[in-house]
Amino acid sequence: MSFHVRRKDREITDLTEMRQVFLNTKYVTVALCMHEEPYLVSLSHGYDQAKNCLYFHCAPEGKKLVILQVNNKVWGQAVLDFGVTEECDYAYTSVHFQGKMSLITDLTEKQHAIEVLVRQVSLNPEDKLAKIKPEKLEKTTMGKIEITYMSGKKHQSSKSKS
Ligand SMILES: Cc1cc2nc3c(=O)[nH]c(=O)nc-3n(C[C@H](O)[C@H](O)[C@H](O)COP(=O)(O)OP(=O)(O)OC[C@H]3O[C@@H](n4cnc5c(N)ncnc54)[C@H](O)[C@@H]3O)c2cc1C
């Protein structure tokens with residue numbers, strides 16, 4: 001079955017506009033599923049526009065990594081939240097996405113991932129990156145979500161912030 005944004009007046013079709021949500025929001029919320037049981041985590045991320053991919057850091061073990069071994073398909077949401085408008089509407093721009101989650105084992109890819117992540121989430125990224133040595137990075141758990149589908153929707157009145 002195929003679904004789409006029902007309110008065409010609120011649908012975002014411009015990929016650049018959708019990518020701006022990934023670049024400007026602080027975290028994404030990602031749904032996983034194992035044995036017909038849903039699960040959900042929020043992840044601070046770095047978005048790589050060229051690869052259309054989200055990078056994240058996590059602990060080396062835990063429920064999401066167990067699920068990942070069984071089912072790497074995820075559904076997620078990224079939101080820019082503008083709050084309640086003067087008209088008592090709720091203003092937001094959001095992107096839903098489907099993707100494949102995996103852990104990164106290659107050190108060169110890990111280096112790229114940490115650079116994308118730290119540059120997006122940190123105020124002084126170069127100072128932080130300079131402190132991350134290859135030996136430390138090797139022991140660091142990094143993951144990625146390769147995005148295979150995304151849809152966008154916005155609900156903003158003319159008076160709300162853009
Ligand atoms: C804004 C935000 C940003 C985050 N960024 C990251 C990130 O970049 N990387 C990352 O790994 N995690 C991040 N987290 C935490 C993340 O959402 C998960 O809670 C965490 O990754 C633990 O996942 P796990 O599957 O390994 O759980 P486990 O540690 O295995 O937890 C097992 C059980 O503990 C409970 N539990 C776990 N986490 C929570 C929680 N946060 N609140 C309530 N109950 C919980 C659940 O019942 C879960 O089934 C973030 C959370 C928030 C709110």
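The model shown is predicted, which means the values in this text are computed figures rather than measured ones. (Residues numbered from 1 in each chain as written. Predicted model: local features only at pLDDT ≥ 70, side-chain atom pairs only at ≥ 80, totals over all residues. Heavy atoms only, no water.)

1. Thoughts on the pattern of salt bridges
Oppositely charged side chains are able to pair whenever their charged atoms sit close together. Applying the stated criterion across every chain yields a total of six salt bridges. Its salt-bridge partner being Glu109, residue Lys144 comes within 2.7 Å of it at the nearest N-O pair. Separated by 35 residues along the polypeptide, Lys144 in strand 8 (residues 141–155) and Glu109 in helix 3 (residues 107–121) bring together distant segments of the chain. Among the residues examined, Glu109 registers a relative accessible area of 24% and is labelled partly exposed. (Salt bridge = Lys/Arg side-chain N within 4 Å of Asp/Glu carboxyl O. Helix = DSSP H or I, 4+ residues; strand = E, 2+ residues; numbered from the N terminus. Buried < 20%, exposed > 50% of the residue type's maximum accessible area, 1.4 Å probe, protein only.)

2. Details of the packing of aromatic side chains
Within this structure, the stated rule accounts for three aromatic pairs. When the ring of Phe22 is compared with that of Tyr47, the centres are 4.9 Å apart and the planes differ by 35 degrees; the resulting orientation is tilted. Placement of Phe22 in helix 1 (residues 15–24) and of Tyr47 in strand 4 (residues 46–48) is noted, with a sequence separation of 25 residues between them. Each member of the pair, Phe22 together with Tyr47, is buried. Put simply, the rings of Phe22, Tyr47 and Phe97 pair up and form one aromatic cluster. (Phe/Tyr/Trp six-rings, centres within 6.5 Å; stacked < 30°, edge-to-face > 60°.)

3. Regarding the side chain of Thr141
The residue Thr141 is located in strand 8 in this model. Note on Thr141: relative accessible area 14%, which makes it buried. Setting aside chain neighbours within four positions, we find Thr141 in contact with Phe56, His57, Cys58, Ala59, Pro60, Leu65 and Leu103. (Contact = heavy atoms within 4.5 Å.)

4. Regarding the pairing of strand 6 (residues 73–84)
One ladder, built from four bridges, connects strand 2 (residues 27–34) with strand 6; its direction is antiparallel. Its bridge partner lying in strand 6, Val28 is registered against Ala78. Counted along the chain from strand 6 to the antiparallel partner strand 7 (residues 90–103), the turn is five residues long, and its residue Cys88 has a positive phi close to 65 degrees. (Pairing = 2+ DSSP bridges.)

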